[in-house]
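# What the coordinates show
Below, each chain spelled out in residue letters.
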Amino acid sequence: MRKCEVAVLGLGLMGGAALSALLDAGVDALGFDPVAAGSDRGSSHGSCRIFRRFNFENPNYTSLSDEAHADWIRLQSESGQTVLTETPILEAGRPGSAMVASSRAAAIAKGRADPMVTAPVANKEFPAFSLPDDWDVVVQDGGAILHTATVMRLMRARAGARVIPERASFMPHHDGVSIRTDSEEFFAERAILALGPWLGRALPPLAALLNVTRQPVGWFAPGSPETVVPRRFPIFILDRGPDDMVYGFPDFEQRGVKAAPHNHGPVVGPDDWGPPASDAELRSVSDALAALVPGAAGPIVDRDVCLYTNTAPADIRRDAGEEFIIDRWPESRLIVCSACSGHGAKFAPAIGQRLARLATDPSYQAEPFFQLSRYSEFA
Ligand SMILES: Cc1cc2nc3c(=O)[nH]c(=O)nc-3n(C[C@H](O)[C@H](O)[C@H](O)COP(=O)(O)OP(=O)(O)OC[C@H]3O[C@@H](n4cnc5c(N)ncnc54)[C@H](O)[C@@H]3O)c2cc1C
């Protein structure tokens, strides 16, 4: 039986970052995942994610963004590959938008100049947009296109032969965790479960706190291609009212403007990846582009589906849900990482560091807002 100090099950962005952190620290670690980098499965697949410094979801995340940013820049300079393409972030919503107000407050809390601009000023700066005059708008710096396909490839290459390209099952014991694949058995002193949407299936007591939803993504042939190129066009997030949020990217791949709804699609199982995103699923995005970003509006030319795994609202250290779980699993040598609720990609190296420390440093605790004990089931 092969032995190791730490096993990482699941090598999406979170497990991949944890394995990199462990290997960088000289830990005898192995990673397991049947899915290769570049596949169209797992919540980390696809070419890009939004990197935001100022997070409307939670002001605690600014320092997490800064920590991750330093790691992304390090990866970029060590690899010579483009990991981040700096891009302004435009966030806009109807008057009184809580999203815009929170993003603005997060920047001001860090001593930044007020990022609020009027809609006419934003429309002039970014001519693809036609935001109503009375909308609230912030234009933030510190944003970037995070090239996740590149990152996934670099992480796998970094781990090399430490990756076992197979599905793994696990069995916790008092002194470690036995791990089995179709071809081999392993024994690890500790195991990190970074199984994305499959986490609830692997650890049924956690399933009640995790909600897996189907998320359609589309690429739109822009009506005015010259207005949607990087540097002339920001990453954008539009808050059109309750449960109607749409985000998108500049056309940096010559594939069209990638845009998607951020509100939650239907609850599905972790293996429910088909069928492709339909026109109906992307209608709120088509409508938002036509009304608010006419330079980007146009026919759908490509489609994808991804899964969010959202946490339930916590009841002891209260939060509104859609946060992260990064903690040790009670009475075991397991460490769990939720798939970070549709906005975790940007933080992956910072989360990987936390997972590695939870596995190797008994005195370390993740921040209280990540801990399982914020839920009464685990208090
Ligand atoms: C449409 C969409 C848009 C998003 N946009 C953003 C964004 O703009 N900005 C942002 O910061 N975040 C964004 N996110 C969120 C971010 O992408 C996720 O938080 C992140 O990718 C989750 O990574 P993960 O490693 O936890 O999960 P995954 O990437 O799903 O990785 C889990 C891995 O576990 C493997 N696995 C499963 N079972 C087993 C097993 N038994 N043995 C071994 N391996 C197993 C799977 O093959 C998979 O590779 C978005 C997510 C989606 C879906």
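Residues numbered from 1 in each chain as written. Predicted model: local features only at pLDDT ≥ 70, side-chain atom pairs only at ≥ 80, totals over all residues. Heavy atoms only, no water.

Looking up the protein chain in an unreviewed UniProt entry gives the name FAD-dependent oxidoreductase, with the organism given as Bradyrhizobium campsiandrae. We quote the UniProt Cofactor (unreviewed entry) comment for the protein chain here in full: "FAD". (UniProt positions renumbered as here; feature names shortened; annotations may be inferred.)

### Focus on the nonpolar core
One broad rule of soluble globular proteins: the nonpolar side chains tend to lie buried together. In terms of nonpolar packing, the biggest core is built from 48 residues, with Trp72, Ile192, Ile326 and Ile351 touching the most fellow members. Listing elements by their share of this core, those giving two or more residues are strand S1 (2-9), helix H1 (13-24), helix H2 (61-79), strand S8 (144-146), helix H5 (148-159), strand S19 (334-337) and helix H9 (348-360). With 31 residues, the next largest nonpolar core counts Val177, Phe186, Leu307 and Phe378 among its residues. (Core = buried A, V, L, I, M, F, W, Y, C linked by side-chain atoms within 4.5 Å. Buried < 20%, exposed > 50% of the residue type's maximum accessible area, 1.4 Å probe, protein only. Helix = DSSP H or I, 4+ residues; strand = E, 2+ residues; numbered from the N terminus.)

### Thoughts on the environment of Phe187
Inspection of the secondary structure puts Phe187 in strand S12 (residues 185-193). The class of Phe187 is buried, set by a relative accessible area of 18%. Between the C-alpha atom of Phe187 and that of Asn211, which follows or precedes it by 24 residues, the distance is 31 Å. The contacts of Phe187, once residues within four sequence positions are left out, are Met1, Arg2, Lys3, Cys4, His173, Asp175, Gly176, Val177 and Ser178. (Contact = heavy atoms within 4.5 Å.)

### What about the side chain of Arg214?
Along the chain, the position of Arg214 falls in strand S13 (residues 210-220). The exposure class assigned to Arg214 is buried, which follows from its relative accessible area of 7%. Among the polar contacts listed, one links the side chain of Arg214 to the side chain of Glu281, at a separation of 2.7 Å. Here Arg214 is in contact with Gly265, Pro266, Val268, Trp273, Gly274, Pro275, Pro276, Ala277, Glu281, Val305, Cys306 and Leu307, once residues within four sequence places are set aside. (Polar contact = N/O pair within 3.5 Å; in protein donor to acceptor, adjacent residues only side chain to side chain.)

### A word on the packing of aromatic side chains
In the structure shown here, the tally under the stated rule is 14 aromatic pairs. By way of ring pairs, the aromatic residues Tyr61, Phe324, Phe347, Phe369 and Phe370 are connected into one cluster. Directly above the ring of Trp219 sits Arg255, whose terminal nitrogen or CZ lies 3.7 Å from the centroid. (Phe/Tyr/Trp six-rings, centres within 6.5 Å; stacked < 30°, edge-to-face > 60°. Lys NZ or Arg CZ within 6 Å of the ring centre and 35° of its normal.)

### Considerations on the site of the ligand
Taken together, the neighbourhood of the ligand is formed by 33 residues, with Asp33, Ser43, Ser44, Cys306 and Ala339 sitting nearest. Between the ligand and the protein, one listed contact pairs an oxygen atom with a backbone N or O atom of Leu13 at 3.2 Å. At a separation of 3.0 Å, an oxygen atom of the ligand approaches a polar backbone atom of Ala345. In isolation the ligand has 1,000 Å² of accessible area, and contact with the protein removes 96% of it. Residue assignment for the shell around the ligand shows that the elements contributing at least two residues are H1, strand S3 (49-51) and strand S17 (300-311). No other element matches S17, which puts three residues into the shell around the ligand. Residue classes in the shell around the ligand are distributed as 20 nonpolar, nine polar and four charged. Residue assignment places the shell around the ligand across two domains, with domain 1 (2-45 + 149-208 + 315-378) and domain 2 (89-140 + 211-311) each supplying three or more. (Near = heavy atom within 4 Å. Areas by Shrake-Rupley, 256 points an atom, 1.4 Å probe, with all protein chains shown as cover. Nonpolar A, V, L, I, M, F, W, Y, C, P; charged D, E, K, R; others polar. Domains from an automatic or database assignment.)

### Considerations on the environment of Arg2
Counting through the fold element by element, Arg2 comes out in strand S1. Taking the C-alpha atoms as reference points, Arg2 and Pro132, 130 residues apart in sequence, are found 62 Å from one another. Filtering out sequence-adjacent residues up to four positions away, Arg2 remains in contact with Leu30, Ala161, Ile164, Glu184, Glu185, Phe186 and Phe187.

### Here's the deal with the UniProt feature "signal peptide" (unreviewed entry) in the protein chain
According to UniProt, the "signal peptide" (unreviewed entry) feature falls on residues 1-20. Taken end to end, residues 1-20 is 40% helix and 40% strand, and its two terminal C-alpha atoms sit 24 Å from one another.

### Here's the deal with the UniProt feature "domain: FAD dependent oxidoreductase" (unreviewed entry) in the protein chain
Mapped onto the present numbering, the UniProt feature "domain: FAD dependent oxidoreductase" (unreviewed entry) falls at residues 6-358. The span residues 6-358 carries 26% helix and 27% strand; its end-to-end C-alpha distance comes to 11 Å.

### What about the packing of H1 against H9?
Across the interface, H1 lies against H9 with an axial gap of 7 Å and an inter-helix angle of 60°. Between H1 and H9, the angle falls in the class oblique. For the element pair H1 and H9, the recorded crossing hand is right-handed. Residues Leu13, Met14, Ala17, Ala18, Ala21 and Leu22 of H1 pack against Ala348, Pro349, Ile351, Gly352, Gln353, Leu355, Ala356 and Thr360 of H9. Tallied by class, residues from the contact of H1 with H9 come to eleven nonpolar, three polar and no charged. (Axes fitted to C-alpha atoms, helices over the stretch in contact; angles between N-to-C directions. Parallel < 35°, antiparallel > 145°, perpendicular 65-115°, else oblique. Left-handed = near helix turned anticlockwise from the far one by under 90°.)

### Structural notes on the domain arrangement of the protein chain
Under the domain assignment, the protein chain is made up of domain 1 (2-45 + 149-208 + 315-378) and domain 2 (89-140 + 211-311). Relative to domain 2, the C-alpha centre of domain 1 lies at a distance of 30 Å. For the pair domain 1 and domain 2, the summed buried area comes to about 1,400 Å², and 52% of that belongs to carbon and sulfur atoms. On the domain 1 side of the interface with domain 2, the three residues burying the most area are His45, Pro197 and Glu322, jointly 33% of the side's total. Split by residue class, the side of domain 1 that touches domain 2 holds seven nonpolar, eight polar and six charged. (Buried area = accessible area lost by both parts, 1.4 Å probe.)

### Observations regarding helix H8 (residues 283-292)
For H8, the complete set of buried residues consists of Val285, Ala288, Leu289 and Leu292. The buried side chains of H8 occupy one side of the element, clustering within an arc of 95° when seen end-on. Against S13, strand S14 (235-239), strand S15 (245-248) and strand S16 (257-261) lie the buried residues of H8. (Arc of directions from axis to C-beta.)

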